[in-house]
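# Close look at the chain arrangement
Here is how the chains run, residue by residue.
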Amino acid sequence: MKVRSTLLVKLLPLLFSAMALSASAGTLVINSDASDPAAKAALDAIIKGFKAENTDVEVKLNTFDHEGYKTSIRNFLTANPPDVVNWYPGHRMAPFVDAGLFEDVSDLWTKNGLDEALKPAAAAMTINGKKWGIPYLYYQWGIYYRKDIFAKLNITPPKTWKELLDASAKLKQNGVTPFAIGTKQTWTTAAWFDYLDLRTNGYQFHMDLTNGKVPYTDKRVSAVFDRWDELVKPGYFLPNHASYTWEEAVPAMVKGEAAMYLMGNFAVAPMKAAGLTESSLGFMQFPAITPGLAMAEEAPIESVHIPAQAKNKADARRLLAYMARPDVQTKVSQILEELPVNVKASEPTDPYLKAGFDLLKNTSDLSQYYDRDAPAEMAKAGMDGFQHYMLKPESRQQVLERLEQIRRNVYK
């Protein structure tokens, strides 16, 4: 009896393991932070469409809130990995690739011709010559502006830096703050730093900087702040902006107290909900600064990945291939009001998305946004520093020297 009990004890782990394998066969586990209503509706539509075409697969979805997801993803990638996770390309993806926690899916790209179909995001998904996920959505950044205010003051949407400064001066003279901004969430400052750097020094320099190859005390970074000074010092930003979130700065645009807002396309919905229409709200590309420099753009990408230790990689690959398709990306983009990455997807009909689509399809270089292009520690220090500078422009040199200290520690 004792021998049989001992044998049973030894066999139990194998029995439970077999049961687990049986339970997971044909089950696809997805972990996501698609907790917002629109994001959840889009993911539900993806799952519904996938299951309709793959009736042998059962899908289990685990949804986390955004902040909880950020802190728990590394834990579940190592301890109890699902089969698919959503995340972001670039530097946000790199730590998981370097730690061996994401699966190489280059085979999917080759098999499905995705290097061409997903060309706008191909570089962002590539590390060490391999692809580590599938991009399915992105969205444009740019300057949203009050058409009616511009028309009333006879201002043409600026295409150059001088024109932007002239428009800002005219707005200010007429009692309108040129730019709405809320920096209580410091990430909003990063859009200004990114665009000023991209337009002053170009895409490659910006990537070198966010990759730690350039000191923040470099004269070319100082040139970025020279341009920023031309907006900060005359008071062209919303007063007390550190007291507002980005959403809390929207009413300034709606009421006509501010005339422009550098923001991602997600800002359109609350502006329209507050009463702005196509006749009063326009979109324009961030103006040129250095003549002849290629106009790179901000376009954060949403992507899905397979954990390296996933149990059901076969069905995970089926899902990723499904999400790469132009018809699927078209449908999801309509639900989320964002842009499909697949160049064969249908063009959007929404005027702001169409403007973004036209903008990005002609752009060869896409920045992922400062807090994705730079490592987390550098990004936080950078955005905190940018906010401090915008509040106290006289602190500019101290801010840059502090960021240089952080850079030396982060990129050892």
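Each chain carries its own residue numbering, running from 1 in the written order of its sequence. Predicted model: local features are reported for residues with pLDDT of at least 70 only, side-chain atom pairs are reported and counted for 80 or more only, and whole-chain, interface and lining totals are derived from all residues. Hydrogens are left out, water is left out, and the side-chain values use all remaining heavy atoms of the structure.

### A short note on the packing of aromatic side chains
We call Phe, Tyr and Trp rings a pair once their centres come within 6.5 Å, taking the six-membered ring for Trp, and we label the pair stacked below 30 degrees between planes, edge-to-face above 60, and tilted otherwise. If you walk through the whole model with that rule in mind, you get 33 aromatic pairs. Plain terms: the ring middles of Trp141 and Tyr369 are 5.0 Å apart, the flat faces sit at 35 degrees to each other, and that makes the pair tilted. Placement of the pair is Trp141 in strand β7 (residues 141–146) and Tyr369 in the loop between β14 (366–367) and α18 (370–373), with a sequence separation of 228 residues. Residue exposure (1.4 Å probe, protein chains only): buried if accessible area is under 20% of the type maximum, exposed if over 50%, otherwise partly exposed. Of the residues examined, Trp141 reaches a relative accessible area of 2% and is grouped as buried. Here the aromatic rings of Tyr145 and Phe150 are separated by 4.8 Å at their centres, their planes lie at 40 degrees, and the arrangement is tilted. Here the two residues Tyr145 and Phe150 agree in accessibility, since each one is buried. Through a chain of ring-to-ring contacts, three or more aromatic side chains come together here, namely Phe64, Tyr69, Phe76, Trp87, Tyr88, Phe96 and Phe102. Helical segments are the DSSP runs of H or I of at least four residues, strand segments are the runs of E of at least two, and each set is numbered from the N terminus.

### Focus: the side chain of His305
Structurally, His305 can be placed in strand β12 (residues 301–305). Take His305: its relative accessible area is 0%, and that puts it in the buried class. Think of a polar contact as two N or O atoms within 3.5 Å of one another; within protein, one of them needs to be a possible hydrogen donor and the other a possible acceptor, and neighboring residues in sequence only count if both atoms come from side chains. One polar contact links His305 to Ser303, side chain to side chain, over a distance of 2.8 Å. Contacts between residues were defined by any pair of non-hydrogen atoms, one from each residue, lying within 4.5 Å. Setting aside chain neighbours within four positions, we find His305 in contact with Asp83, Val84, Val85, Trp87, Tyr88, Met93, Phe102, Met125, Trp132 and Gly133.

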